[in-house]
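Chain by chain, the residues run as shown.
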Amino acid sequence: SSHLSMEEFVDVDVFRNGIASSSGGHSIQTDWTAISEIFVQDGLIVAQSEGHASYLPQRAFASKAAFDEAAATMRKLWRDAKRTERDHARINLD
């Protein structure tokens, strides 16, 4: 089955160029430009891409402030990557 059990641990790492999720010997790396949205909902930071989502629960952070800071950092990295992608697309059109 491709679904995780509630007890399964998923390691999510945030990098300058994207997110890597790994669990049970499987790993998925998603570049920021492939992510369509990052939002906070029900105590989770959600990074949504086509056909996949990565979730970072508030309980994985030392405090609510650390959770909020992580969400803000991820949104900034994502927005910066999207802006760079748009700028490169414009340059290639000229």
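Check the entry above for the structure.
Residues numbered from 1 in each chain as written. Predicted model: local features only at pLDDT ≥ 70, side-chain atom pairs only at ≥ 80, totals over all residues. Heavy atoms only, no water.

J.: How would you sum up the overall build of the chain? Please name residues and give values.
T.: When its secondary structure is counted, the chain shows 1 helix and 6 strands. Start at the N end of the chain and walk to the C end: the helices and strands fall as β-β-β-β-β-β-α. Taken across its 94 residues, the chain has 27% of its residues classed as buried. Excluding contacts between residues fewer than 6 apart, the proportion of contacts in the chain whose partners are at least 24 apart in sequence is 31%. (Helix = DSSP H or I, 4+ residues; strand = E, 2+ residues; numbered from the N terminus. Buried < 20%, exposed > 50% of the residue type's maximum accessible area, 1.4 Å probe, protein only. Contact = heavy atoms within 4.5 Å.)

J.: Now, about the pairing of strand 1 (residues 11-15): what can you tell me, with residues and values included?
T.: One ladder, built from 5 bridges, connects strand 1 with strand 2 (residues 18-23); its direction is antiparallel. From the neighbouring strand, Val12 faces strand 2, where its bridge partner is Ser21. Counting the residues that bridge the hairpin from strand 1 to strand 2 gives 2 residues. (Pairing = 2+ DSSP bridges.)

J.: Requested: an account of the sheet that holds strand 1, with residues and values cited.
T.: With antiparallel pairing, the 3 strands of this open sheet are ordered in space as 1-2-3. Each edge of the sheet is formed by a strand with only one pairing partner; in this case those strands are strand 1 and strand 3 (26-31). Pairs of neighbouring strands in the sheet enclose a mean axial angle of 15°, with direction left out of account. (Axes fitted to C-alpha atoms, helices over the stretch in contact; angles between N-to-C directions.)

J.: An account of the nonpolar core is requested, with residue identities and associated values reported.
T.: Formed by 15 residues in total, the largest nonpolar core has its most connected members in Ile19, Trp32, Ile35, Ile38, Ile45 and Met74. Contributions of two or more residues to this core are made by strand 4 (35-41), strand 5 (44-49) and helix 1 (64-93). Tallying contributions element by element places helix 1 first for this core, with 7 residues. When residues no more than four places from it in sequence are discounted, the contact partners of Ile19 are Val12, Asp13, Ile28, Gln29, Thr30, Trp32, Ile35, Ala47, Ser54 and Met74. (Core = buried A, V, L, I, M, F, W, Y, C linked by side-chain atoms within 4.5 Å.)

J.: Residue-level account of unusual backbone geometry, with values.
T.: In this model, Asp42 sits at a positive phi of 50°, which is unusual for a non-glycine residue. Among the secondary structure elements, Asp42 is positioned in the loop between strand 4 and strand 5.

J.: If you had to explain the pattern of salt bridges to someone new, which residues and values would you point to?
T.: Opposite charge on two side chains permits pairing when their charged atoms draw close. Summed over the entire model, instances satisfying the criterion amount to 4 salt bridges. The salt bridge involving Glu37 is made with Arg75; its shortest N-O contact spans 3.0 Å. With Glu37 in strand 4 and Arg75 in helix 1, the pair connects residues that are 38 residues apart, well separated along the chain. Arg75 sits in the partly exposed class, given a relative accessible area of 28%. (Salt bridge = Lys/Arg side-chain N within 4 Å of Asp/Glu carboxyl O.)

All quantities given are derived from atomic positions and should not be read as evidence of function.
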